[in-house]
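If you want the building blocks of each chain, they are given just below.
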Amino acid sequence: MIPSAHKKYNCIIVEDEPIAAEILETFISRDEELHLVGKCSDAVYASSLLSIHHVDLMFLDLHLPVVKGFDFLRKIKNAPVVIVTTAYHQYAVEGYELDIADYLMKPIPYDRFLTAVGKFKYLMNAEEALLEMADRDYIFISSGKKQIKIVLQDIFYIESLREYINVHTKTETFTFKMPISKIEKNLPPNLFTRIHKSYIISQSKIEVKSANMVQVNGKKLPIGRTYKPFIEL
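Residues numbered from 1 in each chain as written. Predicted model: local features only at pLDDT ≥ 70, side-chain atom pairs only at ≥ 80, totals over all residues. Heavy atoms only, no water.

1. Examining helix α2 (residues 43–52)
Inference 1: Of all the residues in α2, the buried ones are Ala43, Ala46 and Leu49. Burial along α2 is one-sided: seen end-on, the buried residues are contained in an arc of 110 degrees. In α2, the exposed residues that point more than 90 degrees away from the buried face are Val44, Ser51 and Ile52.
Inference 2: Buried-residue contacts for α2 involve β1 (9–14), β2 (34–40) and α3 (69–75).
Inference 3: With a side-chain oxygen lying 3.0 Å from the backbone nitrogen of Val44, the N-terminal cap of α2 falls on Asp42. (Buried < 20%, exposed > 50% of the residue type's maximum accessible area, 1.4 Å probe, protein only. Helix = DSSP H or I, 4+ residues; strand = E, 2+ residues; numbered from the N terminus. Arc of directions from axis to C-beta. Contact = heavy atoms within 4.5 Å. Polar contact = N/O pair within 3.5 Å; in protein donor to acceptor, adjacent residues only side chain to side chain.)

Pasting the structure below:
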């Protein structure tokens, strides 16, 4: 098997301390898979970079001028993976609640940087694992260091809860960190239907249906207004 070329992940640095920004830029330059597309010192410029470039990874300082890092992060739609950098311990809990990949304390040691980037790459590769298996009668979804096999015919419905999905099957419910749109793209449309922003159902598992809801495995699920035209009743 011929080794594949290195993947390139676009990243940006949002950091108002010049020395810290230089250190991150040096660390990034040592990784053949990371490509720095821009660096800036405030949220306004960062928004501009995100609109111009496809960004996979953002190194985000919390103490930015005008708009603070977490406030900026809350306003971003379709945010890239985020690694937060700060000199203040007390923000760690809030950072994890915002679903960041890792939390780096300044000054940032190189080995700690490598660990954080390793977590980012694992997230990216975990999503790709789902894509590779999607053309079969089952899928593999990465969870931690494990890959869980789910037979498509065993799925009742999939439920979205913010950044997570619950896959309800005949045997148990699996929870994964993944947007529902990601798994929707990789499910065969002849077997599964999106009925709501928060629900995908297995068509063969419908027990009762009406104009406003379907029942699957005893659970009544609403049909969203925008999805009604695509659902046959």
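Text resumes after the structure shown.
2. A short note on the side chain of Ser160
Inference 1: With respect to the element layout, Ser160 can be found in strand β8 (residues 155–161).
Inference 2: Residue contacts for Ser160: discarding those within four places in its chain leaves Ile165, Ile180, Lys197 and Ser198.

3. Things to note about the pattern of salt bridges
Inference 1: Across all of its chains, the model carries ten salt bridges by this definition.
Inference 2: The salt bridge partner of Asp71 is Arg74, with a shortest N-O separation of 3.3 Å. Placement of both Asp71 and Arg74 in helix α3 is noted, with a separation of three residues, approximately one turn of the helix.
Inference 3: Overall, Asp71 belongs to the partly exposed group, its relative accessible area being 37%.
Inference 4: For the salt bridge of Asp102 with Lys119, the shortest nitrogen-to-oxygen distance reads 3.4 Å. With Asp102 in strand β5 (residues 102–105) and Lys119 in helix α5 (residues 110–133), the pair connects residues that are 17 residues apart, well separated along the chain.
Inference 5: A relative accessible area of 0% means that Asp102 is categorised as buried.
Inference 6: Exposure remark for Lys119: the relative accessible area of 37% places this residue in the partly exposed category.
Inference 7: Through salt bridges with shared partners, a single ionic network connects Glu15, Glu17, Asp61 and Lys106. (Salt bridge = Lys/Arg side-chain N within 4 Å of Asp/Glu carboxyl O.)

4. Some points on the sheet that holds β8
Inference 1: The sheet built from five strands is open, its strands ordered β10-β9-β8-β12-β11 with antiparallel pairing. Two strands close off the open sheet at either side, each with one partner strand: β10 (173–177) and β11 (192–196). Sheet twist, expressed as the mean angle between neighbouring strand axes with direction ignored, is 20 degrees.
Inference 2: With three bridges connecting them, β8 and strand β12 (residues 199–202) associate as antiparallel partners. By the bridge assignment for β12, Ile158 is matched with Ile200. (Pairing = 2+ DSSP bridges. Axes fitted to C-alpha atoms, helices over the stretch in contact; angles between N-to-C directions.)

5. Overview of the pairing of β1
Successive side chains on a regular strand alternate, one facing one side of the sheet and the next facing the other.
Inference 1: Counting buried positions along β1 yields six of six residues, so the element is predominantly enclosed.
Inference 2: The two faces of β1 match: Tyr9, Cys11 and Ile13 on one face and Asn10, Ile12 and Val14 on the other face are all buried.
Inference 3: Taken together, the six bridges between β1 and β2 define a ladder with parallel strand orientation. The residue bridging Cys11 from the neighbouring strand is Leu36, located in β2.
Inference 4: Regarding the hand of the β-α-β motif, the stretch spanning β1, helix α1 (residues 18–29) and β2 is right-handed. (Right-handed = clockwise from strand over helix to strand, strands pointing away.)

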